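Geometric and topological summary
Okay, here's what each chain looks like letter by letter:
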Amino acid sequence: MTIVDLADVHADMIEQVGGKAAGLGELIRAGERVPGGFCLTVDSYVARRLPENELLDAYERLGGGRVAVRSSATAEDLPEASFAGQQDTFLNVEGAGPLIDAVRACWDSLHTERAVAYRAAAGIADAAMAVVVQRMVDPVVAGVLFTANPITGCRAEMVVDAAPGLGTAVVEGTVVPDHHVLGHRGPVPDGGGGCLGREQLTELRDAGRRLQDHFGAPQDAEWAIDADGTLWLLQSRPVTTLFPAPPDTGDLRLYLEFGHLQGMLRPMTPMGVSLLKMAGGQWFRSVGARVDPRDPLPRLIPIGGRLYFDLTDFVRSEVTRGNLGTSLEVYGPRVQGAVERMLDDPRFAPRGGLPFRLRSAVKMTLRLAPAAVAGIAASLARPDAARLRAYRALDAIRRRAEAPAGPATAAERLRWVIQDSHRAIMSRDMMGMMWPLITGMLVGTAPAGLLDGVATRDELDVVLGGMPHNVTTEMDLALWKVAERAREHRDLFLGPPPEELAARYQAGDLPDIGMAGFLDRYGMRAAAEIDVGMPRWDEDPAPLFATIANYLRVDDPAQAPDRRFRQAAEKAERMIDTLARRARRERPVTGRLAVFLMRRSRKLTGLREMGKFAWLPALRSARRELLLIGDDLAARGLLASGADIMFLDLPEALSAVLHGADHRDLVAARRAAYERELRRHTVPGALLSDGTDVETLAPKEPAGDGVLTGMAGAAGRATGRARVIRDPAGARIEPGEILVAPTTDPGWTPLFLTTAGLVTETGSPIAHGPTVAREYGIPAVICVRDATTEIRTGQLITIDGAAGTVRIEQDG
């Protein structure tokens with residue numbers, strides 16, 4: 001079949017008629033008014049043969065005259081990719097010759113540079129082209145209708161843009177249209193004297209409701225109104241840019257994104273979320289809290305695969321709302337400002353009561369307080385002994401995180417994952433590790449308050465440089481030593497791509513450079529490592545070989561990371577001596593206390609990374625067991641592959657293991673959604689339950705003169721060429737370049753050793769990236785909105801880590 005009437009098209013025919021035709025057919029089947037027409041299917045395109053006679057016969061049956069000839073690719077108007085404007089449309093086509101030419105031009109538009117680039121960015125390998133031919137509508141006014149606000153994400157609003165004449169002027173951006181924001185419910189405005197009145201806006205809103213109900217998702221529709229006042233729908237496709245909506249609770253809620261504090265913006269796998277909640281519930285249970293086994297952490301909500309904290313009850317509580325602004329400083333100014341605006345929103349008016357159970361809070365305090373006081377006091381009095389206790393706890397946790405040796409059934413493996421894998425790390429005080437870690441954090445931050453007005457932010461950051469006993473910096477320096485051993489084989493490790501080197505290493509076909517020893521200690525790490533669904537470095541060492549190649553490009557001995565780290569440590573000790581003299585002179589009592597804490601900081605603050613590091617053995621062991629369970633389920637035909645288990649949660653895995661539940665369709669849908677979310681570049685920091693990105697409600701800041709403003713992450717200034725990197729796997733960065741990234745976690749930090757500075761779009765001063773940057777003595781600016789799009793690789797930029805600014809000096 002090469003020609004099909006639009007009235008006979010339905011959604012299941014998308015592979016034959018393309019996305020646009022499928023959408024138009026669904027509109028007709030839903031009873032909407034659509035200009036008549038037909039579709040030339042992809043069969044002709046695939047055969048590269050245009051059936052001219054059939055095409056012209058269909059044109060004549062349509063009545064001839066002026067028509068619109070519109071592309072309808074199989075990868076167009078999809079839920080994950082709209083392809084808006086990527087293929088061509090031709091209006092007012094009349095006559096046989098022009099019609100044939102327009103069809104061929106639509107075919108050709110599938111392979112334009114912009115269309116190919118768009119498909120590549122959307123992760124779509126290839127597509128075929130159908131062509132829609134429709135009667136022309138002569139509009140008095142036309143435009144677009146979004147059934148959700150495409151700017152703010154609010155699902156309770158519709159947006160109408162309208163202009164006189166053809167709607168192409170609106171979609172191509174060649175006019176300034178009338179702009180209307182309509183509520184899904186409530187009165188409709190009168191149109192404000194524009195080209196649409198209240199009656200027409202009401203008709204459009206009603207149409208929008210019908211479209212959203214029919215398609216089951218927010219829609220982007222093109223429409224036209226003719227001289228008779230008749231509304232025609234010309235297209236309807238999913239709004240692809242919206243961040244996924246939070247779950248419907250029947251009440252307006254405020255959610256705070258949790259992941260970027262850990263330097264993680266990529267989506268988590270369902271198993272990653274499930275295991276994290278299970279582990280958190282175990283710890284709360286150990287300190288006396290009441291935990292619902294069905295959802296151990298109910299305030300932690302996965303939205304679009306990211307973890308959000310439900311802040312609603314804290315915002316509405318008269319007791320807690322007053323302190324929220326200060327407590328959210330670690331989230332950065334944008335998120336902090338967004339939440340503070342919600343405090344003034346009448347929908348979040350204060351109420352009485354606490355946002356938590358007082359009895360549980362008291363019980364937890366009574367269980368933790370005595371040990372906390374004793375543990376912190378002991379750590380301050382004998383920091384070396386406290387550090388030794390922390391390392392002993394780390395070794396004990398690592399031993400207890402090993403799964404039992406020997407054969408086991410899938411049910412036995414899953415029971416171990418759920419009940420035992422996290423028992424040691426989630427014990428009440430992490431087997432004695434907790435108090436030295438907390439003491440280290442306290443002594444690292446307290447001097448800033450005690451020396452306010454005596455020491456600058458830059459000076460206090462210097463004190464934190466070259467911090468010993470940090471497992472992440474130790475890991476990075478250990479990888480540098482591996483790279484040093486690789487120097488005698490420099491060409492070998494600089495030539496092939498990292499994936500090839502990783503395969504050769506696993507096949508035993510590389511010289512011994514110490515990689516096995518490194519992986520024995522650090523192979524449980526990875527980017528986004530808190531997600532059990534992520535492969536570890538010992539499974540895929542390709543990112544490490546990419547970093548080794550970066551290290552091998554360091555030719556200046558002064559830039560050697562171990563030397564820079566040692567210099568930062570020496571500089572920190574000198575700064576403590578300087579501040580000690582100044583503080584004793586200006587503040588004899590509090591100054592002496594501050595100096596005492598700074599010296600304790602050099603012994604304990606580096607331990608702050610150990611808590612997460614101690615969690616990783618449990619995650620790696622759980623991952624290994626889950627993959628074995630997945631292999632078993634795949635062998636039973638319940639999963640397509642063993643790795644698919646990461647797209648189930650623990651109860652779903654249990655139902656498959658014990659009852660033979662077949663989750664293949666569920667996994668396929670979740671994997672597709674996960675792949676879509678991997679391509680998302682920005683994630684709302686604060687989100688309302690109606691889908692509103694709260695940051696979009698803030699007044700626009702005046703455009704700076706080449707200056708981007710963020711938040712201070714690590715003091716210092718640096719000028720260098722920017723290197724924009726979205727994923728550390730296989731990333732290349734030249735010595736002296738400034739790393740610009742969406743976010744960073746410990747999996748990114750090996751890149752820091754050769755960079756001149758760091759810029760991130762999200763983060764917190766206490767997050768891993770800025771912390772490690774301070775210890776390496778490189779400046780960092782965090783929370784720079786859209787940094788990875790505003791800055792391009794090769795541009796010369798200057799960053800000021802104390803001021804929190806990035807100046808774009810010139811293009812690359």
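We now examine the overall build of the chain. Of regular secondary structure, the chain possesses 28 helices and 22 strands. On C-alpha atoms alone, the chain measures out to a radius of gyration of 30 Å, which is about the 28 Å that the 2.2 N^0.38 rule sets for 812 residues. Projected onto the principal axes, the alpha-carbon positions of the chain cover approximately 90 × 60 × 60 Å. Counting the 812 residues in the chain, one finds 55% classified as buried. Counting only carbon and sulfur atoms, one obtains 53% of the accessible surface of the chain, whose full area is about 34,100 Å². Computing the positive centroid from 95 side-chain charges and the negative centroid from 105, the chain places the two 10 Å apart.

Taken together, four strands build an open sheet; the order of strands is β12-β13-β11-β14 and the sheet is antiparallel. Both outer strands of the open sheet, β12 (300-303) and β14 (686-688), are each paired with one neighbouring strand and no more. Strand-to-strand twist across the sheet, computed as the mean angle between neighbouring axes with direction ignored, equals 40°. Each of β11 (254-257) and β14 touches helix α11 (residues 333-343); the most contacted strand, β11, lies at about 170° to it.

Another point: the packing of helix α22 (residues 561-586) against helix α23 (residues 588-604). Relative to each other, α22 and α23 sit at 165°, their axes nearing to 7 Å. Considering the angle they form, α22 stands roughly antiparallel to α23. Of the two elements, α22 crosses α23, and the hand of that crossing is left-handed. When α22 is examined against α23, the residues A569, A572, E573, I576, D577, L579, A580, A583, R584 and E586 are found in contact with a partner set consisting of P588, G591, R592, V595, M598, R599 and R602. Among the residues making up the contact of α22 with α23, the classes are represented as nine nonpolar, one polar and seven charged.

This paragraph deals with the sheet that holds strand β7 (residues 157-164). Strand order in the open sheet formed by five strands is β8-β7-β6-β9-β10, and the pairing between neighbours is antiparallel. For this open sheet the edge positions go to β8 (178-183) and β10 (231-238), each flanked by a neighbour on one side alone. Mean inter-strand twist for the sheet, computed between neighbouring axes without regard to direction, equals 20°. Sheet topology note: the β7/β8 ladder contains six bridges and is antiparallel. Bridge pairing links M158 to L182 in β8.

It is worth spelling out a nonpolar patch on the surface at this point. Judged by side-chain polarity, V319, L354, F356, L358, V362 and L366 come together as a nonpolar surface patch covering roughly 560 Å² of accessible area. Mapped onto the secondary structure, V362 falls in helix α12 (residues 358-381). With relative accessibility at 41%, the residue V362 sits in the partly exposed group.

Let us look at the pairing of β10. Along β10, six of the eight residues are buried, which leaves the element largely enclosed by surrounding structure. Here strand β9 (residues 219-226) runs beside β10; their pairing, made up of seven bridges, is antiparallel. Within β10, the residue paired with A221 across the bridge is S236. Turn length for the β9-β10 hairpin, with the two strands adjacent in sequence and antiparallel, is four residues, and the turn residue G229 shows positive phi of about 80°.

Along the chain, R608 turns up in the loop between α23 and α24 (610-635). Judged by relative accessible area, which is 19%, R608 ranks as buried.

Taken as a class, soluble globular proteins show a tendency for nonpolar side chains to be buried jointly. Counting 110 residues, the largest nonpolar core has M433, F518, I548, L626, I645 and L739 as the members making the most contacts within it. Among residues more than four places away in sequence, those in contact with I645 are M271, L626, I629, G630, L633, L639 and A653. Core analysis: the second largest hydrophobic core is formed by 56 residues, V34, A73, V131 and L145 among them.

If you trace the backbone, D12 turns up in the loop between β1 (3-5) and α1 (14-29). Take D12: its relative accessible area is 71%, and that puts it in the exposed class. Taking the C-alpha atoms as reference points, D12 and A22, separated by ten residues in sequence, lie 7.7 Å from one another.

On to the pattern of salt bridges, then. Between side chains of opposite charge, a pair can form as their charged atoms come close. Tallied over the full model, the rule gives 42 salt bridges. Here E539 ties to R623 by a salt bridge, and the two come within 2.6 Å at their closest N and O atoms. Of this pair, E539 sits in the loop between α20 (515-522) and α21 (542-552) while R623 sits in helix α24; the two residues are 84 residues apart in sequence, bridging distant segments of the chain. Relative accessible area serves as the criterion here: at 33%, E539 is assigned to the partly exposed category. Each of D251, R253, R299, D310, D313 and R316 takes part in salt bridges that share partners, so that together they form one network.

Turning next to a positive patch on the surface. Among the surface-exposed residues, R290, R357, R359, K363, R367 and R428 lie close enough to one another that they form a single positively charged patch. Tracing the chain through its elements places R357 in the loop between α11 and α12.

A few words on unusual backbone geometry. The backbone of A528 sits at a positive phi, close to 55°, despite the residue not being glycine. Its location among the elements puts A528 in the loop between α20 and α21. One non-glycine residue, D786, lies in the positive phi region at around 60°. Structurally, D786 can be placed in the loop between β20 (780-782) and α28 (787-790). You can call D786 partly exposed: its relative accessible area is 29%.

The subject of this paragraph is the pairing of strand β19 (residues 757-760). The two faces of β19 match: G757 and V759 on one face and L758 and T760 on the other face are all buried. With four bridges connecting them, strand β18 (residues 738-741) and β19 associate as parallel partners. Bridging from a neighbouring strand, V740 pairs with V759 of β19. In this structure, β19 lies alongside β20, joined through two bridges in parallel fashion. Looking at β20, one finds that V759 is bridged to V781. The handedness of the β19 to β20 crossover, carried by helix α27 (residues 768-776), is right-handed.

This part is about the environment of L627. Of note, L627 is situated in helix α24. Looking at L627, the relative accessible area reads 22%, which means it is partly exposed. Once the C-alpha coordinates of L627 and G533 are considered, the two residues, 94 residues apart in sequence, prove to be 9.5 Å apart. Every residue in contact with L627, bar those within four places of it in the chain, is listed here: E539, G642, A643 and M646.

Right, let's get into helix α13 (residues 383-400). Over its 18 residues, α13 extends 26 Å from the first C-alpha to the last, a length consistent with the 26 Å expected when each residue adds 1.5 Å. Taken together, the buried positions of α13 are occupied by P383, A386, R387, A390, A393, L394, A396 and I397. On its buried side, α13 packs onto α12, α15 (434-450), α20, α23 and α24.

A separate point is helix α19 (residues 498-506). Since the α-helix packs 3.6 residues into each turn, any two residues three or four apart lie on the same face. By the burial criterion, the buried members of α19 are P498, L501 and A502. One side of α19 holds all its buried residues, which, seen down the axis, span an arc of 100°. Along its buried surface, α19 packs onto α18 (490-494) and α21. Of the residues trailing α19, G508 is marked for its positive phi of about 75°.

Attention now moves to the packing of aromatic side chains. Counted under the stated rule, the structure contains twelve aromatic pairs. Note on F493 and F545: the rings are 6.2 Å apart at their centroids and 5° apart in plane angle, and the pair reads as stacked. Residue F493 is found in helix α18, and its partner F545 is found in helix α21; the two are separated by 52 residues along the sequence. For F493, a relative accessible area of 2% puts it in the buried group. Taking the relative accessible area as the measure of exposure, F545 reaches 2% and is therefore buried. By the ring-pair criterion, three or more aromatic residues cluster together here, those being F518, Y522, W537 and F613.

Scoring rules and cut-offs
Residues numbered from 1 in each chain as written. Predicted model: local features only at pLDDT ≥ 70, side-chain atom pairs only at ≥ 80, totals over all residues. Heavy atoms only, no water. Helix = DSSP H or I, 4+ residues; strand = E, 2+ residues; numbered from the N terminus. Rg over C-alpha atoms; globule rule 2.2 N^0.38 Å. Buried < 20%, exposed > 50% of the residue type's maximum accessible area, 1.4 Å probe, protein only. Areas by Shrake-Rupley, 256 points an atom, 1.4 Å probe, with all protein chains shown as cover. Lys, Arg positive; Asp, Glu negative; His and termini not counted. Charge placed at Lys NZ, Arg CZ, Asp CG, Glu CD. Pairing = 2+ DSSP bridges. Axes fitted to C-alpha atoms, helices over the stretch in contact; angles between N-to-C directions. Contact = heavy atoms within 4.5 Å. Parallel < 35°, antiparallel > 145°, perpendicular 65-115°, else oblique. Left-handed = near helix turned anticlockwise from the far one by under 90°. Nonpolar A, V, L, I, M, F, W, Y, C, P; charged D, E, K, R; others polar. Patch = residues over 30% accessible without salt bridge, like charges linked within 9 Å, V, L, I, M, F, W, Y side chains within 5 Å. Salt bridge = Lys/Arg side-chain N within 4 Å of Asp/Glu carboxyl O. Core = buried A, V, L, I, M, F, W, Y, C linked by side-chain atoms within 4.5 Å. Right-handed = clockwise from strand over helix to strand, strands pointing away. Expected span 1.5 Å × (residues − 1). Arc of directions from axis to C-beta. Phe/Tyr/Trp six-rings, centres within 6.5 Å; stacked < 30°, edge-to-face > 60°.

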